[in-house]
Amino acid sequence: MNSSALESISRRKGRSAQLHVPGEAATWVFIFGDLIVFAVFFIKYFVDRQREASLFAESQSSLSLSFGAVNTVLLLTGSLFVALGVHATRSGYYRRASVLFAVAMACAAIFLIDKVIEYTHKISAGIYPSTNDFYNFYFMFTGFHAVHVIIGLAFVGRMRQMVTRAGDKKVDLRFIETGASFWHLVDLLWIILFPVLYIIH
Amino acid sequence: MVDRDARDAVRAPASLYWVWALLTALTLLSWMVGVGEGGVLDLRVATAVVLGVAFLKVDLVGRHFMELRTAPRLLRILLDAWVIGVFVILMGIYLS
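Residues numbered from 1 in each chain as written. Chains lettered and ligands numbered in written order. Predicted model: local features only at pLDDT ≥ 70, side-chain atom pairs only at ≥ 80, totals over all residues. Heavy atoms only, no water.

(A) Highlighting the interface of chain B and chain A. Across the contact, 50 residues belong to chain B and 56 residues belong to chain A. Note on chain B versus chain A: buried area summed over both sides is about 4900 Å², and carbon and sulfur give 74% of it. Inspection of the region where chain B meets chain A yields one salt bridge. Two residues, Glu 67 of chain B and Arg 90 of chain A, come together in a salt bridge whose shortest N-O distance is 2.7 Å. (Contact = heavy atoms within 4.5 Å. Buried area = accessible area lost by both parts, 1.4 Å probe. Salt bridge = Lys/Arg side-chain N within 4 Å of Asp/Glu carboxyl O.)

So, in structure tokens, the structure goes:
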């Protein structure tokens, strides 16, 4: 067993003094920045909800919890496959990583299709972002989040391309981890968005 | 190419699958509370549970999927601070 493998093992068990930052450090500045932005959104939503509680509750009841829950599981599954893909990449199993990333991309694509279906349902029922304060939040939050999903999908697409084309050369693991971290952020944000928008009343 | 021993040594941890299963189960639980329209639980308790579970899920994603367990402690601390801080603030507003 060579030294880099040992290093990897002790790093995984957290025993090494040199802990590992997944991806570029700058990505984490962005991740926490995004978390703060969404925290402010959530707080504003809760404050406005208090003022118009019954309006919010009534509008919220038109949302499909099933769509929301399925979308949550889709992103969670995407995260699983991205995490597995990162491990496969580290181990040199590039072809496996390519397939794993492809599955994650499929999860993202289905999420986006679901989103389009949801929005279409709303709009054909005459519900727009301007309809009331709740729907304004709903469209803006989920729309802003959907943009994140699209970016995440592009990231994983690039990651898949890298491992597919690597051949015998080593891939840029830092980039792979950066993309993976962004993906998990997208998952993470929806994990909060779903109960806040769809369930809590 | 990486040699066989090194490859086997850096296999994906089985915990990833368990964490995914737990996250999915927690999602199903939240959905059930959501469609149950309160049911047995007092509304405020149901909200605390659903929101608390959501932040717990964020923590799990951070620790296991984002590999924060093996990252510098600062990252874990910052995420935990966000999780706890936002949960407390939101519940505070909700209960006010």
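(B) Local environment of the packing of helix α2 (residues 25-51) of chain A against helix α3 (residues 53-60) of chain A. Residue and element names in this part refer to chain A. Running from N to C, α2 and α3 cross one another at 110 degrees; their axes reach a closest spacing of 5 Å. By the angle class used here, α2 and α3 are roughly perpendicular. Contacts from Tyr 45, Asp 48, Arg 49, Gln 50 and Arg 51 of α2 reach α3 at Ala 53, Phe 56 and Gln 60. Here the residues of the contact of α2 with α3 are counted per class, giving three nonpolar, two polar and three charged. (Axes fitted to C-alpha atoms, helices over the stretch in contact; angles between N-to-C directions. Helix = DSSP H or I, 4+ residues; strand = E, 2+ residues; numbered from the N terminus. Parallel < 35°, antiparallel > 145°, perpendicular 65-115°, else oblique. Nonpolar A, V, L, I, M, F, W, Y, C, P; charged D, E, K, R; others polar.)

(C) Looking closely at the pattern of salt bridges. Residue and element names in this part refer to chain A. Summed over all chains, the structure comprises eight salt bridges over all chains. The closest approach of N and O atoms between Arg 51 and Asp 48, which form a salt bridge, is 3.5 Å. Of this pair, Arg 51 and Asp 48 are both found in helix α2, three residues apart, which corresponds to roughly one turn of the helix. Note on Asp 48: relative accessible area 11%, which makes it buried. Salt bridges sharing common partners tie together Lys 44, Asp 48 and Arg 51. (Buried < 20%, exposed > 50% of the residue type's maximum accessible area, 1.4 Å probe, protein only.)

(D) Structural detail: α3 of chain A. Residues and elements named next belong to chain A. Of the positions making up α3, those classed as buried are Phe 56, Ser 59 and Gln 60. Seen from one end, α3 has its buried residues packed into an arc of 100 degrees, which puts them on one side. The exposed residues of α3 that point more than 90 degrees off its buried face are Ser 54 and Glu 58. As for α3, its buried residues are in contact with α2, α6 (133-165) and α7 (173-199). (Arc of directions from axis to C-beta.)

(E) Highlighting a nonpolar patch on the surface. Together, Leu 41, Val 45 and Val 49 of chain B line one region of the surface with nonpolar side chains, adding up to about 200 Å² of accessible area. Of note, Val 45 of chain B is situated in helix α3 (residues 43-65). (Patch = residues over 30% accessible without salt bridge, like charges linked within 9 Å, V, L, I, M, F, W, Y side chains within 5 Å. Areas by Shrake-Rupley, 256 points an atom, 1.4 Å probe, with all protein chains shown as cover.)

(F) Focus on the packing of helix α4 (residues 65-90) of chain A against α7 of chain A. All names here are of chain A. Running from N to C, α4 and α7 cross one another at 165 degrees; their axes reach a closest spacing of 9 Å. What the angle tells us is that α4 and α7 run roughly antiparallel. Considering how the two elements wind past one another, α4 and α7 form a crossing that is left-handed. Of the residues assigned to the contact of α4 with α7, the class counts are 17 nonpolar, seven polar and three charged. (Left-handed = near helix turned anticlockwise from the far one by under 90°.)

Distances and angles like these do not, on their own, reveal function.
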